Amino acid sequence: LRPGNLGNGAVRLPGRWNLDFSLGKKFAVTERVGLQIRADMFNSLNRTNFNAVSTNITASSFGRFTNTTGARIIQLNARLSF
């Protein structure tokens, strides 16, 4: 094998596309006490984003995507203020 003549950054990955979503509501329990409920969704459409390409020319997976970003994450929280 002999080294090629391409420099760093010659292999480019496809663009990333991500949609995050947040929804919240505040409730007044009493005059001085409030309750806030919130839901956060990261990668809410659960789209697969590829982030690694095998660049080892001797590997059987050369030129293939080998890794993806994480799946959808949902976070729920509540806050009581007084």
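Preceding block: the structure.
This structure is a prediction, so every number in the text was calculated from the model and none was measured. (Residues numbered from 1 in each chain as written. Predicted model: local features only at pLDDT ≥ 70, side-chain atom pairs only at ≥ 80, totals over all residues. Heavy atoms only, no water.)

Chemist: I keep staring at the sheet that holds strand β2 (residues 34-42) and nothing clicks. Help me out?
Modeler: Two modes of strand pairing occur in sheets, parallel and antiparallel, and in both the strands are linked by backbone hydrogen bonds. If you walk across this open sheet you meet the 3 strands as β1-β2-β5, and the pairing is antiparallel. Taken across any chain shown, the strands that pair with only one partner, and hence form the sheet edges, are β1 (21-28) and β5 (73-81). The sheet shows a mean angle of 10° between the axes of neighbouring strands, direction not considered. Inspection of the sheet shows β1 paired to β2 by 8 bridges, in the antiparallel sense. In the sheet register, Lys26 faces β2, and the bridge partner there is Gln36. (Pairing = 2+ DSSP bridges. Helix = DSSP H or I, 4+ residues; strand = E, 2+ residues; numbered from the N terminus. Axes fitted to C-alpha atoms, helices over the stretch in contact; angles between N-to-C directions.)

Chemist: What am I meant to see in the pattern of salt bridges here?
Modeler: A side chain with one charge can pair with a side chain of the opposite charge if their charged atoms come near. This model, assessed by the stated rule, comprises 1 salt bridge. For Asp40, the salt bridge is made with Arg38, and the minimal N-O distance between the two is 3.1 Å. (Salt bridge = Lys/Arg side-chain N within 4 Å of Asp/Glu carboxyl O.)

Chemist: Help me understand unusual backbone geometry in this model?
Modeler: A negative phi angle is the norm for most residues apart from glycine, just as the trans form is the norm for most peptide bonds. You will see that Asn43, though not glycine, has its phi angle at about 55°, which is positive. Assignment of secondary structure puts Asn43 in the loop between β2 and β3 (50-53). Its identity is not glycine, yet Asn46 carries a phi of approximately 55°, on the positive side. Among the secondary structure elements, Asn46 is positioned in the loop between β2 and β3. For Asn46, a relative accessible area of 38% corresponds to the partly exposed category. (Buried < 20%, exposed > 50% of the residue type's maximum accessible area, 1.4 Å probe, protein only.)

Chemist: Quick question: what am I supposed to make of a nonpolar patch on the surface here?
Modeler: On the surface, Leu13, Phe50 and Phe65 cluster together to form a nonpolar patch covering roughly 260 Å² of accessible area. Mapped onto the fold, Leu13 is located in the segment before β1. (Patch = residues over 30% accessible without salt bridge, like charges linked within 9 Å, V, L, I, M, F, W, Y side chains within 5 Å. Areas by Shrake-Rupley, 256 points an atom, 1.4 Å probe, with all protein chains shown as cover.)

Chemist: Would you take a moment to explain the packing of aromatic side chains for this structure?
Modeler: Two descriptors summarise a pair of aromatic rings, namely the distance from one centre to the other and the angle between the planes of the rings. Evaluation of the coordinates by the stated rule reveals 1 aromatic pair. A centroid spacing of 4.6 Å and a plane angle of 20° characterise the contact between Phe50 and Phe65, whose relative ring orientation is stacked. With Phe50 in strand β3 and Phe65 in strand β4 (residues 65-68), the pair connects residues that are 15 residues apart, well separated along the chain. The exposure class assigned to Phe50 is partly exposed, which follows from its relative accessible area of 35%. A cation sits over an aromatic face here: Lys25 above Phe27, 5.8 Å from the ring centre. (Phe/Tyr/Trp six-rings, centres within 6.5 Å; stacked < 30°, edge-to-face > 60°. Lys NZ or Arg CZ within 6 Å of the ring centre and 35° of its normal.)

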